[in-house]
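# Architecture and fold: a report
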Amino acid sequence: MRTLGLFTKDKKYNNAAALLSDENDFYGIDMTQFGNSINEIMDRETIEKTSVLKQYDAAVSMIKRYYQYEEISGIERKKIDLIPENAYREAIANSLIHRDWSINSHIRILMFRDRIEIKSPGGLPKGITADEYVNGDISCLRNPILGNVFFRMNYVEMFETGVKRILFAYKDAKIKPKFEITDNVISVTLPIINNHYNVTEDEGKIINILENEGRLSSSKIAKMVGYTKSKTLRLMDSLKEKEYIKVIGNGRGTKYTL
């Protein structure tokens, strides 16, 4: 216990010890899986007043339940991740060891068809800017004792913020994670990495064209896909909203790319 730093100077258990114990009085994690909108709650589980290690395991179980499946090819079974599990694990571990436990609020995990949002109570520790956090330039643990335990269990890297590892998991993905930081909340959004998930058949044809051709105008896309200009523009607007494509330039010189 002394080695892990779980005693106070008076040889009493500290808050870190309480957070690691089977029973405590701290808030935990509130996980919600939505359907087609936030009005459709398909599953919800709240893990509180128990060990942060149990909270971590429960959160990992949720991604395995809803964002992983097996694909059978011949006699082989292959696990498919809609969201990189290592990025999700890193984000959950970081939310537990970096959050402000003095705030009586749950870590919120919001699970949608195209993304997971993880919202952790408490802003950045003093001395770290938002850019330094997102770029992974500096590490400053708000809860170093918890960080040490998670490090010993190989849940996190001791000298990294975890952001770099999350970004690395998405290095080949077209849609990247997002980090939003306020005074009271750090939010991480992990998008699905299957490019054709939540894409209609007509939208998929446009994506396939852009994958092969690169930058194209809407007129050229409409001609290649065989749709009217108005239908093509509607599909392009939908793909822009889903963040599958980007707009380059404006006016007559506007082109689209992935």
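Predicted model only: the values in this text are computed from it and were never measured.

The rules behind each value
Sequence order as written defines the numbering, with residues in each chain counted from 1. Confidence filtering applies because this is a predicted model: local features only for residues at pLDDT of at least 70, side-chain atom pairs given and counted only at 80 or more, and all residues used for totals across whole chains, interfaces and linings. Processing note: side-chain calculations cover all non-hydrogen atoms of the structure and skip hydrogens and water entirely. At least two DSSP bridges between two strands are required for those strands to pair. Working definition: helices are DSSP H or I runs of at least four residues, strands are E runs of at least two. Numbering for both runs from the N terminus. Here the axes come from fitting lines to C-alpha atoms, over the contacting stretch only for helices, and the angles between their N-to-C directions go from 0 to 180 degrees. Contacts between residues were defined by any pair of non-hydrogen atoms, one from each residue, lying within 4.5 Å. By convention, a stacked pair of Phe, Tyr or Trp rings (six-membered ring in the case of Trp) has centres within 6.5 Å and planes under 30 degrees apart, an edge-to-face pair has planes over 60 apart, and any other such pair is tilted. Between buried and exposed lies partly exposed: a residue is buried under 20% and exposed over 50% of the maximum accessible area for its type, with that area taken using a 1.4 Å probe on protein chains only. Whether a charge lies above a ring is judged from NZ of Lys or CZ of Arg, which has to be within 6 Å of the ring centre and within 35 degrees of the ring normal. Confidence of the predictor at the level of single residues is captured by pLDDT, which takes values from 0 to 100. Each angle is binned into one of four classes, with values under 35 degrees roughly parallel, values over 145 roughly antiparallel, values of 65 to 115 roughly perpendicular, and all other values oblique. Residue type decides the class: Asp, Glu, Lys and Arg count as charged, Ala, Val, Leu, Ile, Met, Phe, Trp, Tyr, Cys and Pro as nonpolar, and the leftover types, Gly among them, as polar.

### With respect to the sheet that holds strand 5 (residues 107-111)
Spatial strand order, 2-1-5-6-8-7: six strands in an open sheet with mixed pairing. Taken across any chain shown, the strands that pair with only one partner, and hence form the sheet edges, are strand 2 (41-47) and strand 7 (178-181). Along the sheet, successive strands turn relative to each other by an average axial angle of 10 degrees, direction set aside. Along the sheet, helix 2 (residues 52-66) makes contact with strand 1 (29-34), strand 2, strand 5 and strand 6 (115-121), crossing strand 2 at roughly 165 degrees. Strands strand 1, strand 5, strand 6 and strand 8 (185-191) of the sheet are contacted by helix 3 (residues 85-98), whose axis makes an angle of about 15 degrees with strand 6.

### Some words on the packing of aromatic side chains
In this structure the tally under the stated criterion is six aromatic pairs. Geometrically, the ring pair formed by Y56 and Y155 is stacked, given 4.3 Å between the ring centres and 20 degrees between the ring planes. On the criterion of sequence distance, the pair formed by Y56 in helix 2 and Y155 in the loop between helix 5 (144-152) and helix 6 (163-169) is long-range, its members being 99 residues apart. Ring centres of F150 and Y155 lie 5.4 Å apart, and the angle between their planes is 70 degrees; on these two criteria the pair is classed as edge-to-face. For the pair formed by F150 and Y155, the shared burial category is buried. Each residue in the set Y56, F150 and Y155 is aromatic and connected to the rest through ring pairs, giving one cluster. Its guanidinium or amino end placed over the ring of F112, R115 lies 3.9 Å from that ring's centre, counting from NZ or CZ. Taking NZ or CZ as reference, K171 lies 5.4 Å from the ring centre of F168, over its face.

### Observations concerning the environment of M224
Following the sequence through the fold, M224 ends up in helix 8 (residues 218-225). If we skip the residues at most four places from it in the chain, M224 touches I209, E213 and L216.

### Quick look at the confidence of the model for the protein
Looking at the protein as a whole, the pLDDT averages 87, with 95% of positions reaching at least 70. Of all helices and strands in the protein, the one with the weakest mean pLDDT is helix 4 (residues 130-135) (77), whereas strand 5 scores best (97).

### Focus on the packing of helix 7 (residues 201-213) against helix 9 (residues 229-241)
Closest axis-to-axis distance for the helix 7/helix 9 pair is 10 Å, and the angle between their directions is 85 degrees. In terms of orientation, helix 7 lies roughly perpendicular with respect to helix 9. Where helix 7 approaches helix 9, its residues D202, E203, I206 and I207 are matched on the opposing element by K231, T232, L235, M236, S238 and L239. Its residues assigned to classes, the contact of helix 7 with helix 9 shows five nonpolar, two polar and three charged.

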